[in-house]
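Spelled out, the chains give:
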Amino acid sequence: SQLKGAPVIYEDNPIYNNLLGRIEHTSRMGVLSTDFTLIKPGAIHLANGGFLILDVRKLLLQPYAWEGLKRALYSKQIRIQSLAELFSFVSMSGLEAEPIPIDLKVVLLGDRILYYLLLQYDPEFSELFKIAADFEEDLERTAENNLLYARVIATLISKEQLLPFDRSAIGRIIEFSSRQANNAGKLTTHMLSILDLMRESDQWTQDAGVKVVAAEHVQQAIDAKNRRVDRLQQDLQQEIQDGTILIDTEGATPGQVNGLSVISLGNHSFALPTRITATVHFGEGKVIDISREVKLGGAIHSKGVLILSSFLSARFASERPLSLAASITFEQTYGKIEGDSAAVGELCSLMSVLANAPVKQSLAVTGSVNQLGQVQAIGGVNEKIEGFFDICKSRGLNGTQGVLIPASNVKHLMLRQDVVAAAEAGQFHIYPINTVDDAISLLTGIDAGVKGKTGKYPKNSINQRIDKRIDELINLRSKFTLH
């Protein structure tokens, strides 16, 4: 009776009775009885004439709540029935409330995957819920949006009664927001993670006895958050330092490349280098993915190996048999391998051993590749760079170490401050690459070579060496055929 305007109801526990109402009973001398005063409304009653907002995941988890909601929306009336009565578990005479006509809008909130699943598997869903709104998870990082973002932060500071944040602290939070969005040109709209960071920064500032939050306190909060969940990361890095996991960061070896893989543990992701090796011998043109052969390679990873096999055949054996057999593997991996982000590393290890060109172990490489030899973007580029940097830093930076990344991933770079400082000082390098030729040239220090008008590659180039090696294998094959 005190309501002004249409009701807006959010039901955080959408069980069947909370949605559709219930008739309660009292017990007197072991006898259950009820009357009209024990009829209790549900969320649909309360929202009648207005809006009902529900979390779709919570709704779907409650038995019969989803079906009850649909039945009410279809019939445009709400009938209070207990589940026991509805499914004839109990047969008893009692009070029956008259159905109430309803006119309301129901808003479902949830992940987009649930929307698509309901759209696919529930034919009634598209009839009842006709309007979809897919919200962005980030926004463009422009000067205007940076200012608006700072105002949102100021609002949160006031609402949470936090200490004041100076310009440097706001800037560091905006950088953290871009890191959360995995794009230097974006800002995340997930404000809960931003608020958690602000609260922890405020606590570190109070512990230091300071009245204003600065960038160093925000960084302290970020470091502390990572330190609380990086036990496995530190253990694996220690395994590399002890030599249990074999990773070289100095010297050069043919057919051996440092790849980079990402491990995700809940909301914490990190990367570690993984040794990729390739061997080549006389054969019939088959490239064997050892992980796939033992059923440890996923479909996408196997696709990447088939693509690099196709690339080799198209470039070096379009008019002749590819008389070689090759095997590629990730060393010291004992679980499922998925993704094609190591395809460039696998292809470079194969080209290296064919050309007998040692690969610099001070470099690591990541990237996907297509049949034309173009390097494609991958995910987790920041974690991958930082993973190899941590190993190099623990062994001592010497100015030769670095990571090769797809040029299309440059816009995603939001690296840690120590990595940025090392790169600015020339102690660590990040090389953007566009083609596999760019990658093999950097990894070996030998020019890949471009085919000239004569149809030949420059002498002593990587491609010329590979071409020559394939000729040798073809001649070897002809000798065996003659015998």
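Residues numbered from 1 in each chain as written. Predicted model: local features only at pLDDT ≥ 70, side-chain atom pairs only at ≥ 80, totals over all residues. Heavy atoms only, no water.

Undergrad: Where do I start with the sheet that holds strand 1 (residues 8-11) in this structure?
TA: Sheet strands associate in pairs through backbone hydrogen bonding, adopting either a parallel or an antiparallel arrangement. Strand order in the open sheet formed by three strands is 1-6-9, with parallel pairing between adjacent strands. Because the sheet does not close on itself, it has two edges, and the strands there are strand 1 and strand 9 (105-109). In this sheet, adjacent strand axes meet at a mean angle of 20° when their direction is disregarded. As defined by bridge partners, strand 6 (residues 51-55) adjoins strand 9 across five bridges and the pair is classed as parallel. Along strand 9, the bridge assignment pairs F51 with K105. (Pairing = 2+ DSSP bridges. Helix = DSSP H or I, 4+ residues; strand = E, 2+ residues; numbered from the N terminus. Axes fitted to C-alpha atoms, helices over the stretch in contact; angles between N-to-C directions.)

Undergrad: I keep staring at a nonpolar patch on the surface and nothing clicks. Help me out?
TA: Residues V8, Y10, F51, V107 and L109 make up a contiguous nonpolar surface patch of roughly 440 Å² in combined accessible area. At the level of secondary structure, the elements contributing two or more residues to the nonpolar patch comprise strand 1 and strand 9. Here F51 lies in strand 6. (Patch = residues over 30% accessible without salt bridge, like charges linked within 9 Å, V, L, I, M, F, W, Y side chains within 5 Å. Areas by Shrake-Rupley, 256 points an atom, 1.4 Å probe, with all protein chains shown as cover. Salt bridge = Lys/Arg side-chain N within 4 Å of Asp/Glu carboxyl O.)

Undergrad: Any chance you could explain unusual backbone geometry here in plain terms?
TA: Across the chain, the bulk of peptide bonds are trans and the bulk of non-glycine residues have phi less than zero. Positive phi is not limited to glycine here, since N182 has a value of about 55°. Here N182 shows up in the loop between helix 9 (167-180) and strand 11 (186-188). The backbone of Q332 sits at a positive phi, close to 55°, despite the residue not being glycine. Position of Q332 relative to the elements: it lies in the loop between strand 16 (324-330) and helix 15 (343-355). Since its relative accessible area comes to 33%, Q332 is described here as partly exposed. (Buried < 20%, exposed > 50% of the residue type's maximum accessible area, 1.4 Å probe, protein only.)

Undergrad: How should the environment of T26 be read in this particular structure?
TA: With respect to the element layout, T26 can be found in strand 3 (residues 26-28). Once the C-alpha coordinates of T26 and G452 are considered, the two residues, 426 residues apart in sequence, prove to be 95 Å apart.

Undergrad: How should the packing of helix 9 against helix 11 (residues 215-229) be read in this particular structure?
TA: If you want to describe how two helices pack, look at the angle between their axes and the distance between the axes. The N-to-C vectors of helix 9 and helix 11 enclose an angle of 35°; their axes lie 7 Å apart at closest approach. Contacts between helix 9 and helix 11 involve S168, A169, R172, I173 and F176 on the former and, on the latter, A215, V218, Q219 and I222. Looking at the contact of helix 9 with helix 11 residue by residue, the classes come out as six nonpolar, two polar and one charged. (Contact = heavy atoms within 4.5 Å. Nonpolar A, V, L, I, M, F, W, Y, C, P; charged D, E, K, R; others polar.)

Undergrad: Looking at this structure, I do not really get the pattern of salt bridges. What am I missing?
TA: Oppositely charged side chains may form a pair once their charged atoms are brought near each other. Under the definition given, this model contains 19 salt bridges. Of the charged contacts, one joins E67 and K70 as a salt bridge, the two residues approaching to 3.3 Å between their closest N and O atoms. Here K70 and E67 lie together in helix 4 (residues 65-75), a separation of three residues that amounts to about one turn. With a relative accessible area of 41%, E67 lands in the partly exposed category. Salt-bridge contacts for R275 lead to D248; the nearest nitrogen and oxygen are separated by 3.1 Å. In this pair, R275 sits in strand 14 (residues 268-282) while D248 sits in the loop between helix 12 (231-241) and strand 12 (252-253), placing the two residues 27 residues apart along the sequence. Overall, the relative accessible area of 12% leaves R275 in the buried class.

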